[in-house]
Amino acid sequence: MQAIMETLFDAVYLIGVITLGTVMILKSKNNKQYKLFGIMAVLLGAGDAFHLVPRAYALLTTGLEANAAALGIGKFITSITMTIFYVILYHIWRQRYNIKGQNGLTFSIYGLSIIRIGLCFFPQNDWLNYNPSVSWGIYRNIPFLIMGIIIIGIFYSEAKKHVDNNFKYMWLAIVLSFALYIPVVLWANTIPWIGILMIPKTLAYVWVVLMGYKELKKGQQVI
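It should be emphasised that the depicted structure is a prediction, and the values quoted were computed from it without experimental measurement.

Caption draft 1: A look at the overall build of the protein chain. Scanning the protein chain from N- to C-terminus turns up 7 helices and 0 strands. Projected onto its principal axes, the C-alpha coordinates of the protein chain cover approximately 50 × 35 × 25 Å. For the protein chain, buried positions account for 44% of its 223 residues. When contacts within the protein chain are restricted to residue pairs at least 6 apart in sequence, long-range pairs at least 24 apart make up 71% of them.

Caption draft 2: Seen up close, the nonpolar core. Counting 46 residues, the largest nonpolar core has Phe85, Tyr86, Leu89, Ile151, Phe155, Met170 and Ile174 as its most contacted members. Put simply, the parts of the chain that give this core at least two residues each are α1 (2–27), α2 (32–60), α3 (68–96), α4 (103–120), α5 (134–161), α6 (170–187) and α7 (198–218). Ranked by residues supplied to this core, first place goes to α3 with 9 residues.

Caption draft 3: Spotlight on the layout of surface pockets. In this structure, the largest pocket spans a volume of roughly 1400 Å³. Along the walls of the largest pocket sit 49 residues, with His51, Arg55, Lys75, Val184 and Met198 positioned nearest its centre. Elements with a minimum of two residues in the lining of the largest pocket: α1, α2, α3, α5, α6 and α7. Across the lining of the largest pocket, the residue classes break down as 25 nonpolar, 15 polar and 9 charged.

Caption draft 4: Representation of the pattern of salt bridges in the model. This structure, assessed with the given rule, holds 3 salt bridges. Among the salt bridges present, the one from Glu6 reaches Arg55, with a minimum N-O distance of 2.3 Å. Of this pair, Glu6 sits in helix α1 while Arg55 sits in helix α2, and the two are 49 residues apart along the sequence. Of the charged contacts, one joins Asp164 and Arg96 as a salt bridge, the two residues approaching to 2.7 Å between their closest N and O atoms. Note that Asp164 is positioned in the loop between α5 and α6 and Arg96 in helix α3, a separation of 68 residues in sequence. For the pair shown, Asp164 and Arg96 are each scored as buried.

Caption draft 5: Local environment of α6. In a regular helix each residue adds 1.5 Å, so 18 residues correspond to 26 Å; α6 covers 27 Å between its end C-alpha atoms and thus fits that length. What α6 keeps buried is the set Met170, Ala173, Ile174, Ser177, Phe178, Leu180, Tyr181, Pro183 and Val184. At its buried positions, α6 is contacted by α2, α3, α4, α5 and α7.

Caption draft 6: Structural context of the environment of Ala70. Of note, Ala70 is situated in helix α3. The spatial distance from the C-alpha of Ala70 to the C-alpha of Arg55 is 8.4 Å, given a sequence separation of 15 residues. Non-local contacts of Ala70, meaning those with residues more than four positions away in its chain, are made with Phe50 and Pro54.

Caption draft 7: A look at unusual backbone geometry. Positive phi, close to 55 degrees, is recorded for Lys29, a residue that is not glycine. When you line up the elements, Lys29 lands in the loop between α1 and α2. A positive phi is found at Gln102, a non-glycine position, where the angle reads about 50 degrees. On the secondary structure map, Gln102 appears in the loop between α3 and α4. Accessibility expressed as a relative area gives 41% for Gln102, which makes it partly exposed.

Caption draft 8: Region of interest: the packing of α2 against α7. The N-to-C vectors of α2 and α7 enclose an angle of 150 degrees; their axes lie 10 Å apart at closest approach. With respect to their mutual orientation, α2 and α7 come out roughly antiparallel. In the crossing of α2 with α7, the sense of the turn from one axis to the other is left-handed. Of the residues in α7, those touching α2 at Gln33, Tyr34, Phe37, Met40, Ala41 and Leu44 are Tyr205, Val208, Val209, Gly212, Glu215 and Leu216. Looking at side-chain class alone, the contact of α2 with α7 contains 9 nonpolar, 2 polar and 1 charged residues.

Caption draft 9: Quick peek at the packing of aromatic side chains. Within the structure shown, the criterion is met by 17 aromatic pairs. Relative to Phe155, the ring of Tyr97 has its centre 6.5 Å away and its plane inclined at 75 degrees; by these criteria the two rings are edge-to-face. Highlighted residues: Tyr97 in the loop between α3 and α4 and Phe155 in helix α5, separated in sequence by 58 residues. In this structure Phe155 comes out as buried when scored by relative accessible area, which is 0%. Between Trp136 and Tyr139, the ring centres sit 5.3 Å apart and the planes meet at 75 degrees, which makes this aromatic pair edge-to-face. One end of the pair, Trp136, and the other, Tyr139, are both in helix α5, 3 residues apart, so they sit about a helical turn from each other. On the accessibility criterion, Trp136 (16% relative accessible area) is buried. Connected via pairs of aromatic rings, a cluster forms that spans Phe85, Tyr86, Phe144, Phe178, Tyr181 and Tyr205. Over the aromatic face of Phe167 sits the side chain of Arg96, whose NZ or CZ is 3.9 Å from the ring centroid. When the ring centre of Phe144 is taken as reference, the NZ or CZ atom of Arg116 above it lies at 4.2 Å.

Calculation notes
Residues numbered from 1 in each chain as written. Predicted model: local features only at pLDDT ≥ 70, side-chain atom pairs only at ≥ 80, totals over all residues. Heavy atoms only, no water. Helix = DSSP H or I, 4+ residues; strand = E, 2+ residues; numbered from the N terminus. Buried < 20%, exposed > 50% of the residue type's maximum accessible area, 1.4 Å probe, protein only. Contact = heavy atoms within 4.5 Å. Core = buried A, V, L, I, M, F, W, Y, C linked by side-chain atoms within 4.5 Å. 1 Å grid on protein atoms, 1.4 Å probe; cavity = no way out; pocket = protein on both sides within 12 Å on 5 of 7 lines; lining within 4 Å. Points joined across faces, edges and corners; volume = space filled by probe spheres on them. Nonpolar A, V, L, I, M, F, W, Y, C, P; charged D, E, K, R; others polar. Salt bridge = Lys/Arg side-chain N within 4 Å of Asp/Glu carboxyl O. Expected span 1.5 Å × (residues − 1). Axes fitted to C-alpha atoms, helices over the stretch in contact; angles between N-to-C directions. Parallel < 35°, antiparallel > 145°, perpendicular 65-115°, else oblique. Left-handed = near helix turned anticlockwise from the far one by under 90°. Phe/Tyr/Trp six-rings, centres within 6.5 Å; stacked < 30°, edge-to-face > 60°. Lys NZ or Arg CZ within 6 Å of the ring centre and 35° of its normal.

If you want it as C-alpha cells, here you go:
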C-alpha cells in the first residue's frame, strides 16, 4: 500500500510541477520573473525525478536497499539541482523587487552554492551506500541551510516592505521546507518513518511554485 500511494503521489507531483513550469516558460513572454519561475519549477521536478523515479521502482520491486546505488545517484543529483533552485529563487527576488547592487549578498549566495555543490562531490558522502555518512549529510547541508536562511530573510523583508500580499508567505514556505528536511537529514537512517516528512516538504515546494503560477495567471507587473 505504501509503495502504491507514494508512487502515485510522486507521479502527480512530478508531472504537476514540470507542467506548471513549462506553462510559465511558454507564457512568460518578456517577463523575466515568470520565466525564472518556470525554469525553477522544471528544474525542481526534473531534479527530484532522478531520486523519486528510482525510489518508486525500488518500492514496487526489490526494495530500497537492493537499489541503493541508483537512489544514491539520484540524491546526489537532487542535492545539486536544489542548490541551483535557491540561486534562481534569489534572482526572482532581485527581479520582483527591482533590487540593484548588493554585490556582497550575491557573492554570498553564489559562494555558498559552490561550497554546497563542491561538498556533494566528496567521496566521503558515500552516496552509493544504503546507509551513507550522517556526518557528511550534515556538512554538505550547512551551506545549504545558510542559503535558505538568507532567502527567508530577504523575502520576508521585501514582501513586508512592499506590502506584497501575493508573496507574503514565500518566506514561510521556505521555512517549512527546511524545518521538514532537517529531521530527515539527521535521523532518517536510524528512524525510518521520519522519511514521511519528505511529503509535506515537497508540498511546501509546490506552494512556492504555485505562488509563481498564480502571479502569471493574474498577469501582474513586477513590483
